[in-house]
Structures are given as structure tokens and as C-alpha cells.
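Each chain, letter by letter, is given below.
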Amino acid sequence: MTSAAPHPIRTEAGYYGGKVISLHGRDQALGALRELLATARAGAAVSVVIDGVRGAGKTELLNQFLREHAELPTLWAGAAQWEQHTPLGVAEQLLRTPVPEPAWRALLSRLADAGIKGGPVIVAVDNAHLADVASLQALTSALERASEGVLLLLTADPDARDPAAVLELVERHRRHCITLQPLPTGDVSALAEELIGVRLSVPVARRLAAHTGGNPGYLVRLLRENDPELWSRWIPLLPVPRAEQAAITARLGETTTQARHLIEAAAILGIVGGLGQVAALAEIDDPVAALDAACATGLVRTDATRPLAIIEFPAPLVRSAVLAAMTPLTMRQLHCRAAESAADEGVRLGHLVAAEPIADGALADRLDNYAATRAASGEWAACAAAFIKASHISPTPALRENRLIRGVDALIGAGRVPQAEEFVPEIESFGEGALRDSVLGYLAMMRGRAAEAQLLLTRAWRGCGTEPAGSVAASIAQRHVLDALTRWDGARLLRWADQVTRLTTPTTPEAIEAAAINGLGLAMTGQLEAAARTYSNDLAETVLGAQSQRFRMAKGWLALALDDLDSARLLLESAVPTAFRFGSVRISLWAQVWLARVQFALGEWDDALRTVEHGVAEAEASGLDFIRPLMHWTGAQIHALRGEDEPANQHLQLGRTNSREYLVMHIPSALAHAQYAEAHADHEGVIRALGSVARVAPDSDQAGFWPWADVYATALVMSGRAAEADRFLRRYEDDARRIGHRSSLGRLGSVRGRIAEATDGIAAAAAIFEQALREIESLPLPYERARIAFAYGQTLRRAGKRREADTMMRSARETFAALGAHTYVERCDRELKAAGVNSKRSRDPLSELTEQERAVATLVAEGKTNKQAAEGLFLSVKTIQYHLTRVYAKLRIRSRTELVSHMRDLG
């Protein structure tokens, strides 16, 4: 028997002295190989092609799999380009001897011999696209005649341009194909921690993943070649691995002159460019021939499916290497020509700066003016880039400092906090000033550091003098508006918003954002009609571009608070994207927070979790720490209600804060902990979680913004503190009645009903509960309606009204089951069992399913995929998934496997 993997253990990043590093991001691929091995164990001949570009980790995946199954007989060969024309070179490696004629018979004989010694035979050919034709022919013939179990593993590069005969033979074995995808951010971070002992921040890991195209080979080289300290900060220009730089430089030298010029021009223009534009910049006569030669280098590629030919780099790293290989004079000439043909002013200025990276007052002034126009439209990313470039080429220290500070200010506004923080040491070295302190205060605010932000913003305002005026004063006042919002201080917010109005004109960025937030301040202080008018005035209706994102987010947030969920969903969904003219990531994250709350309220919990997952990743990458607890709130609540404690606790931990931080951080964190405790009937835990909110922010549950008062009061009642709950509840009931807030009246009425049962009897309590249900009857709030019904049923059962309690509790249970709130379904079941009504009645376990749900459950139990079930029932795949979610909830199961078992048990 040939031993498994007798070759040196290596990765495609090079040899590492036999050290085995963990295989990150390839668990799914390994799982697929294990399943195919099981098929081979049953006696079948199975062939698999493992696809992946150079450096994707094909060899390491193969090695890992062979190490796992070292007990099995294995034939291994590694093809190489210099042996591609050596007949039977790969076959000789497999047999470890010269190959007699006919080669396929010798291979078949070796397969049979190895198989006799136990288990299926694994045949592995690494880099099969470089194998010689004769070996692949012999291997194919032997495999077709094999009578024992064989698993053939071929690794191949999908972009290879090797002889057609070789590629055709590899293709014949593509009965099963495993394509290795780029490593995601999390695996990049884990790889760095294992290789160099550094846990990368999310922004750096994300940039590394993008720079390398998620290619493990590139990543390993970069991490090993550079000082680990490099990865602990924001890096303006990421390096290129030395071997890759040398290889790319060599390929540029080996291709045709016109192909090289085309590749260089493409690098100047960006990652992707139209062939016509690139060819014009390169000044070449035959673009198609040049493109063909350029693609043959592997440095660029094109997409034939597009209506217009494009040229693109496989990863930013390749473009960086091309730029590094260019001479300064070539770079200058190309940038100058690109500037002449650029239609966009920002692009034109960028090329001019790259062409002449020296002090140039006139060009710096043009960049300053361009930045100001982008700021007026709320396009903070473009504004930041222009200011920072202007700073680099400004002729005087004062101008350099001013423009750098304004550039960092714009970076924060664009949600690029980690990048902004890299400039902090430089900014702190500048002399104290109002603008400097304002920007540092803004950064502290985005990081959630309330005390530091207050100190800096107060000092910045004082730095404006006794009669503040001008754009700097307006900007500082606007920072105070944001600070008041995050402190949840409506009166203070309105005062600072008025200050902004006095200091600037209505169309400035400061005035527009202050106006958008002003409506929230009015609502926070109970002025709902005035708040509504804020979002229907001329400014709100006519503002365009990225600035309109602010109004839509704020108006959507207010609509959510006021129970207008349909409007809230539309507004918030439109405020999430940032692709339109550089919309603000910060505003997008606010919108995602409240969109997740809308989806939760509507019962669309899977959608809410997807929104949370996306928002959490974006918040981590942007460094906007103040948004973190808001994002994790909804994730923690849904997982807690579903009985999924591990992910719920992860969200709780990641969203944890304390009462010294901003209230918009502390309140959702406390609510998440309280709602987790409530789901587990831990009433003392609810009181502990919300006690600090009751102390430091008693007015925060107004107009439906933070629905915590009923949760806290319910816990007081259930802990035997009904009199305290009665006193606590009155102010919130008065506020809800004054403004006619229906969901609040329903939620608070549920608690009042519990209290009334103890003080006034069940009849009074029932009347209050019925009124609470009527308050939200027409609102699309299934979870809140079920909570009220649960409290009502619980109260009826404890008052001895068992039949009425049974009816109400079953209504609550049905809604909880449909939502997937397993913790409450179990509590309902306990209440129903305690009531005793219908406890002896045998029920069909499927009786709770609708006809549509039964049909879906039957097809899935028969082994149909969601797509097949959708085709059979003439429904969409999304509808099938929706029905399956309801089926799982009603049957209290969590997977297709459990459903199959359940249906089988029922015959």
C-alpha cells in the first residue's frame, strides 16, 4: 500500500518546514469531500475536481483531507509546468516506478492491489491542469475499469490556459466540483491570529480580504513578510507580497508592449474600466489584440457577458503591484492624460494630484472648493478625500492643518472612523482650537465616549468666543445637536438646533441635518404634531441626494415610534443604501437599527435578523461604536424568544454597556437584557436590567421610542410588588393617553389589568385587558398582541376562570408559534396544562397547520427541496420558506430532519 500524502506538506503560499497550519474557511469543502468518500466506501468510483485560482488553498485542502484519512491506500502525484510535455510523468509519480505499456493497465493493477489492502483507494493529482496528456488518459481509462471503490481528487486552476487536450480530460472528471471561494473577513482575522498572533480589527481584516481577493496564498505571504505592528493601525496603501510583486513585474516584461501599456492604463483608471476608455488612455492602435495578450498574462481579465468590453484586475493587490512596477515618469504621463479626459471634477483633480504630488497652492484651492461642494450635498466620503489631498499639497502649515482637520471631520461623517483615527496623533499635535476640539469631540461621540465628547465639544464652543458666528460655530452647534440626541435629551437638542438655525442658512449641511433631527427632538418632548410638520415642510420635501437620506431615516424612525409601520418600512428601507452619491454610512446604520425594529414588530423575524447581521458587520467595519448596542438589541431579543440562548448571549455580550455611556447605547442594551430575562420568566433579572433606566432616564418611554416601561412594571407585579408597579405606571399611562399612543396604551393596559385583578377583581381586570386588546387590534403588532393575550390568559387562570383562560392562552400560543417564539410557546403550554381544560382531549398534532402548511410539510418530508416544493405548489421559494418557518414553530421542531421524523411517526 502506498502511504498517504508521502510528499512534503506545503501550501500554495510556499513551503513552511512541514508546519501544518489550520485550514480556515474550508469546513464546507472538507465536509463535501467526506461525503464523497463515503460514496467511494460503498464501492463506487468517484471523481472530483477541486477548483480554485492560484493561492486559493487547493493543495492545502487536499493535504488536510489526506491527513484525515491517512489509514486509506493513497496514490499521489503533483504535476508541474516543466514536466507537462513528459509523457506519463504523472503516472510514474502515482506508481512510484517507470510505467510499462499499456499505462492504464498498470494503474488499474495498482488500484486493485491497493484496494485489497482495505478501504477505497484515494488517487490525488495536484495541479492536474499541468499534467501530461498520456497520464490523464491512462488514469481516465483505469478509473472507468475499476471494480473497487476509488476517490479521484484533481486540483485545477479554472483560469488555466493549458493545452486543450489536458483541459478536456480534466473536464471529464468534473462529475463533482468543489470551488474554493475567497476567504471572508472572519477567516482572514483568524488566519492572522494563528500565523502572527495578531487579532485584526474588523476594518483591517475587511480591507485585507478585499486587497487580496480573499486569496489565502496572498494573505499568508503578506502576514509573514510584514511587521505584525503594521496590522494594528489603518494602512493607507496595503503592501504586495514580494514574490507576487516579482512575478507580476516579470509578466509585464514578458508580454507585448501594447498589452503592457493597456494593463498600466487600466491600473491608473482603477480596478474596473471600459476597454475603450483604457485603450484611449494607453494610446494603442489595436485594443482587442492588446486585450487578448493582456488577459493571457493573468493580470487582467474581461467579461464577455457585458454589452461593452471591460478590463478588470482579479484583486486590488494585482493592480497595486502593476502600479509599483511602473516608472514615475510613466505614471505621471498617464495621470496627466487621464486628467485631461476625465468628465468628473473629483476624478480629474485626483489624477492631477497623483501626477504632481508636490505643494501646489492653486490645485489645493481647487480641491478645497470641490470638497465644499461635496459637503453641501452630504457626500462626506468624496469631501474627505478631497480635503486630505488638498492638505498634502497645501503650501503653508496653517492651510495643511485646517484642511486635514476638515478632511478627518468628513471621514467621521462618512462612517470611516478607523481611517479618521489614524490622523488623531497628528491633529492632537496641532495647537488647540475650536475646529480641532470639535472634530475630536465628534470622533469621541462616534466611539461612544460620552464624557470625553462633552468635554471637547464644550471647549470647542467656548473657543468660538462670546459671539459665535460662521461655519465653524454652526458645525460645533450641530455636533451638540447630535450629542443631545445620543444623550436622549430632547429639550437640549431643540436648543442647539435653534442655535444652528441662527448661525447658518437653511441649505447648509449643518442646517439640513439639524432640521432632520429637530423633528425627533419635538417628538421626544411630546410635540408630535410639530414633529410631523417638520418632515412635511418644503425643505424636507425638496432636499436631494445624500442629504435626503437624513430626512427619510428620521421620518422613518418617527413613523415606527408612532405605530405607522408601513410608512416606517418604506422610509427606512430607502435610507439604508449608501451607493447613491456617497450617502452616509452613519445614517444608513441608524436606518438599519430601526428597520430591524420594524421587521420585529411586524413579525418578520428572519428578515430582522438578516438586517441585524448586515448592520453589525457594517458597524464593526465603520468603527461607529455608539450604534453597537442598538444593533445587537433586536438580535438578542429574537434569539431569546426562539430559545436560542447561545446566539442571544453573544448579542447581549457584544451590546453590553453601562449607565455612564450615552443613553441611546445604554437603553437598548438594558432592554435587550430585560427582554432576555422576560423570555425566561426571570422577573428579578428584568428589574435588575431596567432599574438603571428607571433611575437615569425615566422619561425615555414616551411616544413609543423605547418600549421598556411595561416590561419593567410587569416584572414588578410578578415579583409581588404590585403597589410599586401601580405608582410607577401612572405617569406613563397619562403620557400615552395625552398623545393617544395606541401601542403604548395596549402594552401598559396589559400591566394595569394584572394590577386590577389583585385590587378590583377579575371583572375589572378583564375590562382593562379587553380595552388593551382593542387599542392594538388594527395595528400589525402580532408579538405585542400575543403578549397581552398571554398576560390576560394568565390572569384569568389565576382567578379561576379556566375555560376563558384556555381560550385566551390558545390564541396567544398560536401567534407565538407562528412567530417562532418557542420560549413563550412553552410557557403557554405550561399555563394550559395548569388550567386543565381539554387536557384529556386527544388532538391531531397536525391540526394546527393550515392546508397550505400541511401540503408544504408533506412535500418536504418526502425529500423535496424548497425549489421543488415551490414548483409543485405553484408558489415562490420565499413563500415555501415562510410556510416552513410556521410549520416548525407550530410543531415545535427546528429542522427538516426533525420534520421528516415527525411526519414518519404520524404515518
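Our subject is the structure that appears above.
Heads up: these notes are all about the structure in this document. (Residues numbered from 1 in each chain as written. Predicted model: local features only at pLDDT ≥ 70, side-chain atom pairs only at ≥ 80, totals over all residues. Heavy atoms only, no water.)

**Let's talk about the pairing of strand S2 (residues 74-78)**
Alright, step 1. Burial analysis of S2 places five of its five residues in the buried class, the great majority of the element.
Alright, step 2. In S2, alternate side chains face the same way, and those of Thr-74, Trp-76 and Gly-78 on one face and Leu-75 and Ala-77 on the other are all buried.
Alright, step 3. Pairing of S2 with strand S3 (residues 121-126) involves five bridges; the strand directions are parallel. The partner of Thr-74 across the bridge, within S3, is Ile-122. (Buried < 20%, exposed > 50% of the residue type's maximum accessible area, 1.4 Å probe, protein only. Helix = DSSP H or I, 4+ residues; strand = E, 2+ residues; numbered from the N terminus. Pairing = 2+ DSSP bridges.)

**Brief notes about the environment of Ala-339**
Alright, step 1. Structurally, Ala-339 can be placed in helix H15 (residues 328-341).
Alright, step 2. When residues no more than four places from it in sequence are discounted, the contact partners of Ala-339 are Arg-348, His-351 and Leu-352. (Contact = heavy atoms within 4.5 Å.)

**Considering the pairing of S3**
Alright, step 1. Among the six residues in S3, six count as buried, and that is most of the element.
Alright, step 2. Residues Val-121, Val-123 and Val-125 line one face of S3 and the alternating positions Ile-122, Ala-124 and Asp-126 line the opposite face, and both faces are buried.
Alright, step 3. In this sheet, strand S4 (residues 150-156) lies alongside S3 in parallel orientation, the contact comprising five bridges. Paired with Val-123 across the two strands is Leu-152, which belongs to S4.

**Considerations on helix H14 (residues 316-325)**
Alright, step 1. Here H14 has its buried residues at Leu-317, Val-318, Ala-321, Val-322, Leu-323 and Ala-325.
Alright, step 2. Against the buried residues of H14 lie helix H8 (202-212), helix H9 (216-225), helix H10 (242-254), helix H11 (257-269) and H15.

**What to know about the pattern of salt bridges**
Alright, step 1. Counting across every chain of the model gives 51 salt bridges.
Alright, step 2. Among the ionic pairs, Arg-721 bridges to Glu-724, the shortest N-O distance being 2.9 Å.
Alright, step 3. In this structure, Glu-853 and Lys-890 form a salt bridge, with 2.9 Å as the shortest nitrogen-oxygen distance. Taken together, the residues span a long stretch of sequence, with Glu-853 in helix H44 (residues 851-861) and Lys-890 in helix H46 (residues 877-891) at a distance of 37 residues.
Alright, step 4. The network of salt bridges with common partners includes Glu-678, Asp-710, Arg-747, Glu-784 and Arg-787. (Salt bridge = Lys/Arg side-chain N within 4 Å of Asp/Glu carboxyl O.)

**Details of the nonpolar core**
Alright, step 1. Counting residues in hydrophobic clusters, the biggest one holds 183 residues, and the most contacted among them are Trp-590, Trp-594, Ile-627, Phe-705, Trp-706 and Phe-816.
Alright, step 2. Setting aside residues no more than four positions away along its own chain, Trp-706 makes contact with Trp-488, Trp-594, Leu-630, Trp-633, Val-664, Ile-667, Pro-668, Leu-671, Ser-700 and Asp-701.
Alright, step 3. Judged by nonpolar contacts, the second largest core, of 55 residues, contains Ala-209, Leu-223, Ala-290 and Phe-313. (Core = buried A, V, L, I, M, F, W, Y, C linked by side-chain atoms within 4.5 Å.)

**So, the sheet that holds strand S5 (residues 176-179)**
Alright, step 1. Strand order in the open sheet formed by five strands is S2-S3-S4-S1-S5, and the pairing between neighbours is parallel. Edge positions in the sheet fall to S2 and S5, since each has one partner strand and no second. Pairwise comparison of adjacent strand axes, ignoring direction, gives a mean angle of 15° for this sheet. (Axes fitted to C-alpha atoms, helices over the stretch in contact; angles between N-to-C directions.)

Distances and angles like these do not, on their own, reveal function.
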